[in-house]
Amino acid sequence: MTNDDQKRLGKVLWSIADDLRGAMNADDFRDYMLALLFLRYLSDNYEEAAKKELGRDYPDPDAVGNGGRTPLSVWYAENEADVPAFEAQMRKKAHYVIKPEHLWTNIAHLARKQDDYLLDTLQAAFKYIENDSFQSTFGGLFSEINLVSEKLGKTLKQRNQKLCTVVTRIADGLKEFSTDADTLGDAYEYLIGQFAAGSGKKAGEFYTPQPISSILSAIVTLDSQAPESGPRKKLEAVYDFACGSGSLLLNVRRHIADAGGTVGMTYGQEKNVTTYNLARMNMLLHGVKDSEFHIHHGDTLVNDWELLTDPNPANRPKFDAVVANPPFSYRWTPKEETSKDARFKDHGVAPKSAADFAFLLHGLHYLKDDGVMAIILPHGVLFRGAAESRIRRKLLEDGHIDTVIGLPANLFYSTGIPVCILVLKKCKRSDDVLFINAEKGFDKGKRQNFLSPEHIQRIIDTYRDRPDEIERYARRVEMDEIETNDFNLNISRYVSTAEPEEQIDLQATHGDLMGIEKRINKAKTAHNGFLEELGLTPLP
């Protein structure tokens, strides 16, 4: 499928969502739409794997009739005694099991004939996937999807009819497209972005726009000490401690795969239960096996993930790459003992009014010595005083801040303020800090500004090549200069994008004005001569 087809598929699905949600809140409808798309993906993938597993025994799809039966439902009916062995094998090969009656083919058939029990079948399917499909638990995966909600209709019949309509429209919309794993995964991402853009600032909190996500992903996959040498071939562990829908983590995996490399384990953490579930589905939809990722539902600031706080330090994971787009200037409630927290004791505790540095220190704490971390933060962290000033100074003196990148304003759905990317390393080769002022590199949109591929590549190239200076765009700044500025990292102090004012040659300008005056006087003299010949009063 071409990129154009993928975009068209995304638009078709968004159009269906826009048509059908009616008065329903976009956030609510998003959960129904994405869950059904997820079921479609799992079903297609499972049927394909079952076809390979059964070989010639897989019933001919053209011979099973159109009564809603699927090849697998026929095989199950004819080979009841072999079903346990088959499912055990499928758990090894496909990593999950779906019952024939829960497959999308059957769900779509029930929807088309307006079956009275579609809702019940869907409920059973979601429950089975949560509890029994996978070897690792996916409990609560569909917890935010309430199929008996009055938002779908006041009566059971109305709710069932609404679901029939939604399923049928999705099934029809997908007909003309080849829906392999990558395509459905990309369509899923497209819809997440569209829902974030279309449902206001609140919904945008869980989604990092793809262009910004691409910048962070490219940076953390480059070699930490020699980024000019290109992407690393192997990342053992990648972590996003505010992972939202998981798009940043997937982008990192994509960058490494495009460079011919691999990612071992992908770790994510998310406080919001809805987006936590979106992230888990998003991983599976992009072909990441359940054994290859671990998304935790919990509070990063409290650090409630047992995996990260194991009493035995040897059991705690350390990460080659850390990426994050945490909520900006989030109010939090550090306690007295917070200052003794291993994450903060060396640098200080962020103020209650803004947890930006608390998020940053959390990620830095779990970064490997040769790892790279890239985090999106508001500009305030670059210059705010008091506790934040002390943390910033300590980070600089310890040599952890590698690069500061200023981005244009109005790139996010959730805020119009300009933001920056901080790149941090525990061990870095250079003693200076690279400043990139990309505030003017964007295309203006109707509601949002956008970064074009050229804008994105310029930022990545500049980080990779680390030039001494690019006029009005980037500069390597020695620590002495930063110390002179009292460890203030406000980007415009080091790289101004202001165009120099045009120099005016006063003597030449005076000469030009004198020449103009002479020509005026000469013209007036000639004009008055004509007036006198005509007997008229000359000009004064």
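As shown above, the structure is provided for reference.
As the structure is a prediction and not an experimental result, all values here were calculated from the model.

Criteria and thresholds
Throughout this document, residue positions are counted from 1 along each chain, in the order its sequence is written. Residues qualify for local features only when their pLDDT is at least 70, as the model is predicted, and side-chain atom pairs are given and counted only at 80 or more; totals for whole chains, interfaces and linings, by contrast, use all residues. Calculation of side-chain values draws on the structure's entire complement of heavy atoms; hydrogens and water are dropped beforehand. Residues belong to one nonpolar core when they are buried, are Ala, Val, Leu, Ile, Met, Phe, Trp, Tyr or Cys, and are joined through side-chain atoms within 4.5 Å. Buried residues are those whose accessible area, probed at 1.4 Å on protein chains only, stays under 20% of the maximum for their type, while exposed residues exceed 50% and partly exposed ones sit between those limits. Pairing of aromatic side chains requires ring centres within 6.5 Å, counting the rings of Phe and Tyr and the six-membered ring of Trp. Pairs whose planes differ by under 30 degrees are stacked, by over 60 edge-to-face, and all others tilted. Each helix corresponds to a stretch of at least 4 residues labelled H or I by DSSP, and each strand to a stretch of at least 2 residues labelled E; elements are numbered beginning at the N terminus. Axis geometry follows a simple rule: fit a line to the C-alpha atoms, using only the stretch in contact for helices, then measure angles between N-to-C directions, giving values from 0 to 180 degrees. Convention used here: angles under 35 degrees read as roughly parallel, angles over 145 as roughly antiparallel, angles from 65 to 115 as roughly perpendicular, and any remaining angle as oblique. Less than a right angle of anticlockwise turn of the near helix away from the far helix marks a crossing as left-handed, whereas a clockwise turn marks it as right-handed. Any two residues whose heavy atoms approach within 4.5 Å at even a single point are treated as in contact. For patch building, the residue pool is restricted to those with more than 30% relative accessible area and no salt bridge; the joining distance is 9 Å between like charges and 5 Å between nonpolar side chains (Val, Leu, Ile, Met, Phe, Trp, Tyr). Note on areas: Shrake-Rupley, 1.4 Å probe, and residue coverage restricted to the protein chains presented here. For salt bridges, the criterion is a side-chain nitrogen of Lys or Arg within 4 Å of an Asp or Glu carboxyl oxygen. For the purpose of counting charges, residues Lys and Arg are taken to be positive, whereas Asp and Glu are taken to be negative. His and the chain ends are not included. In plain terms, the charge of a residue is placed at NZ if it is Lys, CZ if Arg, CG if Asp and CD if Glu. Being paired, for any two strands, means DSSP has found at least two bridges between them. To be clear, the arc concerns the directions from the helix axis to the C-beta atoms.

Here we take up the nonpolar core. Counting residues in each nonpolar core, the largest one holds 109 residues, and the members touching the most others are L13 and Y46. Residues W332, I401, L422 and F487 belong to the second largest nonpolar core, which totals 46 residues.

Two aromatic rings, taken as a pair, are described by how far apart their centres are and by the angle between their planes. Scanning the model with the defined rule gives 16 aromatic pairs in all. Look at F38 and F142: their rings are 6.1 Å apart centre to centre, the planes differ by 50°, and that puts the pair in the tilted class. Residue F38 is located in helix α2 (residues 26-54), and its partner F142 is located in the loop between α6 (118-133) and α7 (156-174); the two are separated by 104 residues in the primary sequence. A centroid spacing of 6.0 Å and a plane angle of 70° characterise the contact between W75 and Y76, whose relative ring orientation is edge-to-face. Take W75 and Y76: they sit in the same class, and that class is buried.

We now examine the environment of S492. Within the secondary structure, S492 is located in the loop between α15 (479-484) and α16 (506-533). Through-space distance from the C-alpha of S492 to that of Q457 is 22 Å; in sequence the pair is 35 residues apart.

Packing of helix α9 (residues 210-221) against helix α14 (residues 453-465) brings their axes to within 10 Å, and their N-to-C directions diverge by 20°. Compared by their axis directions, α9 and α14 come out roughly parallel. Where α9 crosses over α14, the two elements pack in a sense that is right-handed. Counting all contacts with α9, which are made through P211, S214, I215, A218 and I219, the residues of α14 involved are I456, I459, I460 and Y463.

Time to look at a negative patch on the surface. Taken together, the side chains of D431, E478, D480, E483 and D486 present a region of like negative charge at the surface. Looking at the element boundaries, D480 is found in helix α15.

A word on the sheet that holds strand β3 (residues 293-297). A sheet is described by the order of its strands in space; here 10 strands give the open sequence β3-β2-β1-β4-β5-β7-β6-β8-β12-β11, paired in mixed fashion. Single-partner strands in this sheet number two, and they are β3 and β11 (469-470). With 4 bridges connecting them, strand β8 (residues 433-437) and strand β12 (residues 474-477) associate as antiparallel partners. Bridged to I436 within β12 is A474. Its contacts with the sheet put α9 on β1 (234-240), β4 (319-324), β5 (367-378), β6 (401-406) and β7 (419-424), and the angle it makes with β5 is roughly 160°. Against the sheet, α14 touches β5, β6, β7, β8, β11 and β12, its axis set at about 165° to β8.

Moving on, we get to helix α4 (residues 83-93). Inspection of α4 places V83, F86, E87 and M90 among the buried residues, and these make up the whole buried set. For α4, the angular spread of buried residues about the axis comes to 95°, placing them on one side. Those residues of α4 that are exposed and aimed more than 90 degrees away from the buried face are P84, A85 and K92.

This brings us to the pattern of salt bridges. For the structure on display, the rule yields 23 salt bridges. One salt bridge connects K99 with E87, and the closest N-O pair in it is separated by 2.7 Å. One end of the pair, K99, is in the loop between α4 and α5 (104-112); the other, E87, is in helix α4, and 12 residues separate them in sequence. Using a relative accessible area of 22% as the deciding quantity, one classes K99 as partly exposed. Salt bridges here are not isolated pairs; linked through shared partners, they connect D402, K425, D432, R466, D468 and R476.

What follows is about unusual backbone geometry. In terms of backbone geometry, most residues other than glycine have negative phi values and most peptide bonds are trans. The residue H95 is not glycine, and still its phi comes out positive at about 75°. Mapped onto the elements, H95 comes out in the loop between α4 and α5. One non-glycine residue, N410, lies in positive phi territory at about 65°. Within the secondary structure, N410 sits in the loop between β6 and β7. The exposure class of N410 is partly exposed, given its relative accessible area of 23%.

Further remarks concern the pairing of β6. Counted residue by residue, β6 has 6 buried out of 6 residues, so it is predominantly covered. As paired elements, β6 and β7 share 5 bridges and run antiparallel to each other. Paired with T403 across the strands is V423, a residue of β7. The pairing of β6 with β8 spans 4 bridges and is classified as parallel. Bridge pairing links I405 to I436 in β8.

Let us look at the side chain of H362. Within the secondary structure, H362 sits in helix α12 (residues 356-365). Judged by its relative accessible area of 0%, H362 is buried. With residues near it in sequence (within four places) discarded, H362 still touches Y239, F241, Q269, T300, N303, L308, R343 and F344.

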